[in-house]
Amino acid sequence: MSIDSIRLRNEFINTQVITRNRGTRLGVVKDVLVDIDRREVVSLGLRDSIFSVSGMPKYMYLEAITKTGDVILVEDEDVLADVDVEAYSPLINSEVITEAGEPLGRVRDFQFDLESGTVSSIIIASIGLPQIPEQVISTYELPIEEVVSSGPNRLIVFEGAEERLSQISVGFLERLGIGRPPWEREQEDIYYAPTARPENQLGTGVPLQQPISRPVETRQPINTWEDEWEEEAIAPPQRQQARAMSYDDYDESSNWSDDTAYEYEEPAPSYPQDVAGDVWDDDTLDETPYQPPAVNIPEKKKEYEYEEESGY
C-alpha cells in the first residue's frame, strides 16, 4: 500500500467515468460499496448525472479502473457489471459504538487503497452527513483494526477506542465551547460547587444539636359506639337478686314523698238486691214477652240459564 494510492471516499463522489477507447461517458460516481467482512472497497455505483435522481443504477468493479484524476478512466463499456448490491454496504452514516454500548459518532468518510481496495481507516463525526463542511463539526479518524464486528448500519469497535481517536478538524461549535464529542457529553452533567463567600453560603441543613429521643406516650384507644354496642350485645345485663323483707322492716312512710298521710275511703261493696221468692218462678219474671229484632234476609231470585244455539 503506497501513500499515493490512498484515497478518500468523498474524492470519488460525483466524478465522471469515461471510456478510453471511444470516450463514452458512462456516468458519475454516486456511491462506493464496501465489503465489511473483508474490509475493502468492491465496486462503484454510477448514475447518469449529478442532478439525476431517477433511472436505472449502474455498477462497476473497482479493479476496472485504469487511471484516476479529474475523471476516472476505464477501458470500454464492458466494465459495467451486475453487482450483488445487497451483499455490500455504503458504510456512510453507520453508527459507531463500543462494546460497552458507548456511542462514538457516525461514519462520515473512510480511506482506502485504490490498488487493492483495502479500507485503512474510518472518519467519524457527530453527524454522518458528508455534505456538512468540516469547519462546522469536528471529525476524528479511527483505524479499521478497531472494528470488532458489524451489523445493519452499525460498526462495533473495541472498548476504549475513543482514547485512540485522532482529531482531524475542529468544528465551529467546538471552538465556541458549545459542541463536544459524544463520549464526553456525559461529563457535562457533573455538578460543580459554586464559589461563594463563606458568609453568603447557606447551611448544610444538619442541626447543631442532635434531637433527644423521648418515650412516646401510649394513649388508650377510643372506643366507638360500635365497640360499645358489641360489648353490650355480648355481655348480658346483671339482674339484682331479690331479697326477702320482713313486715317489721317495712316503712310505710317511705312510699310517700310527703309526711302528710292521706286517708283512703274504700267504696261500699255493691251486692245484688234481695229477690223475694223463687228466682225460677215464672211469676217473678217480667211479663213483657221477648221480641227479637227483625233480620233482613234478601230473597233469592231464580235465574235462568240460556244456551246459545249455533246455526244462525
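Residues numbered from 1 in each chain as written. Predicted model: local features only at pLDDT ≥ 70, side-chain atom pairs only at ≥ 80, totals over all residues. Heavy atoms only, no water.

Glancing now at the overall build of the protein. Helix and strand content of the protein: 3 helices and 15 strands. Across the 312 residues that make up the protein, the buried fraction comes to 24%. Once local pairs closer than 6 in sequence are excluded, the contacts in the protein between residues at least 24 apart make up 52%. In the form shown here, the protein has an accessible surface area of approximately 26,100 Å², with 49% of it arising from carbon and sulfur atoms. (Helix = DSSP H or I, 4+ residues; strand = E, 2+ residues; numbered from the N terminus. Buried < 20%, exposed > 50% of the residue type's maximum accessible area, 1.4 Å probe, protein only. Contact = heavy atoms within 4.5 Å. Areas by Shrake-Rupley, 256 points an atom, 1.4 Å probe, with all protein chains shown as cover.)

One pass over the structure, following the stated rule, counts 2 aromatic pairs. Centre to centre, the rings of Phe 12 and Phe 112 are 5.6 Å apart; their planes meet at 45 degrees, and the pair counts as tilted. Of this pair, Phe 12 sits in helix α1 (residues 9–12) while Phe 112 sits in strand β10 (residues 103–113), and the two are 100 residues apart along the sequence. Each member of the pair Phe 12 and Phe 112 is classed as buried. An angle of 50 degrees between the planes, with centres 6.2 Å apart, marks the rings of Phe 110 and Phe 112 as tilted. (Phe/Tyr/Trp six-rings, centres within 6.5 Å; stacked < 30°, edge-to-face > 60°.)

Another aspect to go through is the pairing of β10. Along β10, 8 of the 11 residues are buried, which leaves the element largely enclosed by surrounding structure. Sheet topology note: the strand β1 (residues 6–8)/β10 ladder contains 3 bridges and is antiparallel. Along β10, the bridge assignment pairs Arg 7 with Phe 112. Examined bridge by bridge, strand β9 (residues 95–98) and β10 share 3 bridges and lie antiparallel to one another. Bridge assignment links Glu 95 to a residue of β10, and that residue is Arg 106. Connecting the antiparallel pair β9 and β10 is a turn made up of 4 residues, with Gly 101 showing a positive phi of about 90 degrees. Here β10 folds back onto strand β11 (residues 119–125) in antiparallel fashion, the turn holding 5 residues, of which Gly 117 has a positive phi close to 80 degrees. (Pairing = 2+ DSSP bridges.)

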